[in-house]
Amino acid sequence: MSKEIVVSGIRSTGYLHLGNYFGAIQNYVLMQDNYDCFFFVADYHSLTTHPKPTELKQNVFRVAAENIASGLDPEKVALYAQSDVPETAELYLILNMLAYMGELEKVPTFKDKVRQQPDNVNAGLLTYPVLMAADILLHKAVKVPVGKDQEQHLEMARNFASRFNARYGDFFPEPQVFRFNHEAVKIMSLDGEGKMSKSENINATIYLSDEDDVIRKKIMKAKTDSGPTEPNSVMPEYIQNLFLLMSLCSKPETVESFRSNFNNCNIRYGDMKKQLAEDMATFVAPIREHAAELQKDEEKLRKILKAGAEKARESASKTIEGARKLIGINYY
Ligand code: ADP
Ligand code: TRP
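Residues numbered from 1 in each chain as written. Chains lettered and ligands numbered in written order. Predicted model: local features only at pLDDT ≥ 70, side-chain atom pairs only at ≥ 80, totals over all residues. Heavy atoms only, no water.

Draft legend 1. The environment of Thr319, seen in detail. In this structure, Thr319 sits in helix H14 (residues 298-327). Of the residues examined, Thr319 reaches a relative accessible area of 4% and is grouped as buried. Counting along the chain gives 279 residues from Thr319 to Phe40, while the straight-line C-alpha distance between them is 17 Å. Only 2.7 Å separates the side chain of Thr319 from the backbone oxygen of Leu138, close enough to count as a polar contact. (Helix = DSSP H or I, 4+ residues; strand = E, 2+ residues; numbered from the N terminus. Buried < 20%, exposed > 50% of the residue type's maximum accessible area, 1.4 Å probe, protein only. Polar contact = N/O pair within 3.5 Å; in protein donor to acceptor, adjacent residues only side chain to side chain.)

Draft legend 2. Layout of H14. With 30 residues, H14 ought to run about 44 Å at 1.5 Å a step, and its terminal C-alpha atoms sit 41 Å apart, in line with that. Of the residues making up H14, those classed as buried are Leu301, Ile304, Leu305, Gly308, Ala309, Ala312, Ser315, Ala316, Thr319, Ile320, Gly322 and Ala323. Where H14 ends, the next residue or the one after it, Gly328, has phi of about 105°, a positive value. (Expected span 1.5 Å × (residues − 1).)

Draft legend 3. Expanded view of the packing of helix H11 (residues 237-249) against helix H13 (residues 269-296). Following both chains from N to C, one finds H11 and H13 inclined at 40°, their axes separated by 9 Å at the closest point. The orientation of H11 with respect to H13, classified from their angle, is oblique. For the element pair H11 and H13, the recorded crossing hand is left-handed. Judged by residue contacts, Ile239, Leu242, Phe243, Leu245, Met246, Leu248 and Cys249 of H11 engage Tyr269, Met272, Lys273, Gln275, Leu276, Asp279, Met280 and Phe283 from H13. Broken down by class, the residue content of the contact of H11 with H13 amounts to 12 nonpolar, one polar and two charged. (Axes fitted to C-alpha atoms, helices over the stretch in contact; angles between N-to-C directions. Parallel < 35°, antiparallel > 145°, perpendicular 65-115°, else oblique. Left-handed = near helix turned anticlockwise from the far one by under 90°. Contact = heavy atoms within 4.5 Å. Nonpolar A, V, L, I, M, F, W, Y, C, P; charged D, E, K, R; others polar.)

Draft legend 4. Geometry of unusual backbone geometry. Despite not being glycine, Asn232 has its phi angle at roughly 55°, a positive value. With respect to the helices and strands, Asn232 occurs in the loop between helix H10 (212-220) and H11. Since its relative accessible area comes to 57%, Asn232 is described here as exposed. Its identity as a non-glycine residue notwithstanding, Cys265 has a phi of 60°, on the positive side. Relative to the assigned elements, Cys265 resides in the loop between helix H12 (252-263) and H13.

Spelled out as structure tokens, the structure:
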């Protein structure tokens, strides 16, 4: 029986962090044995913010290396750079004709960008979800492992797929969000302001490339307060986030002991953060070291990305051929 198809991407906009790891990559790794997986570095997507041409390659290679260091096996999955599969651009163009201004303008991530970078509201930002739909539909994926922040984009991909199907004939499956543990993991920034993200507050983000001491410093500075005064209080979001990180990096009994301290109003956040910092450093160190090792071997990374792109293009060209035929671009 053929395996179900899975697609996901991570933008090459900076160093990967624990949000990327727990929100996305961990799911990739769990899927690689049982699905036909296409994972890529979304370098076209990163162009919306005009990265320096001299830095692009290094960013793409680093994201690839960090994925492999996190457990992704390029022998099992197609790991490639988005721009190495130019069929993406053709499907993007086709889907743009089925996407409406009104719906694109309403996307919350677009509205955020308009607020964040009013001087650079380019059309690529507006059609960002269309490019993402092209990435996914290009391989006729049915499952897409992404964090919670991407759910709306995925809904749009389903809409574009069903619009295409209604107009030209049944062709694309409707892709669904997939997570192993069902619960969407969303890692907040350590300052309590929004989600952990590649490009925002680097001091409140734990990167997979952070040295042990950097991790300790960042965790010790994480936002806390003077602690609960009533037993079994509701946790503020920034405290919940520390418990979430602890549940991901520490032993279950460690989390339980601090949780009962919280519930009994005798928690000492300093102690909790010290423990969390040590467990997190132990967790991140092997990934950091493996990624650094890989980045030194550019030839190896180049071979991996090339092989991944070949596999991706094989699948992409079939889809494009089928889509063109249905549209009527079928002249000779
Ligand atoms: P970033 O927002 O850091 O630039 P991307 O947009 O490239 O990261 O996201 C890559 C993947 O990581 C997506 O599947 C996204 O849902 C996931 N992700 C990003 N940040 C977080 C976070 N803080 N918590 C959980 N998942 C996240
Ligand atoms: N938009 C995604 C993000 O910001 C990255 C991405 C691009 C993606 N294309 C994709 C994710 C296709 C899944 C499938 O996180």
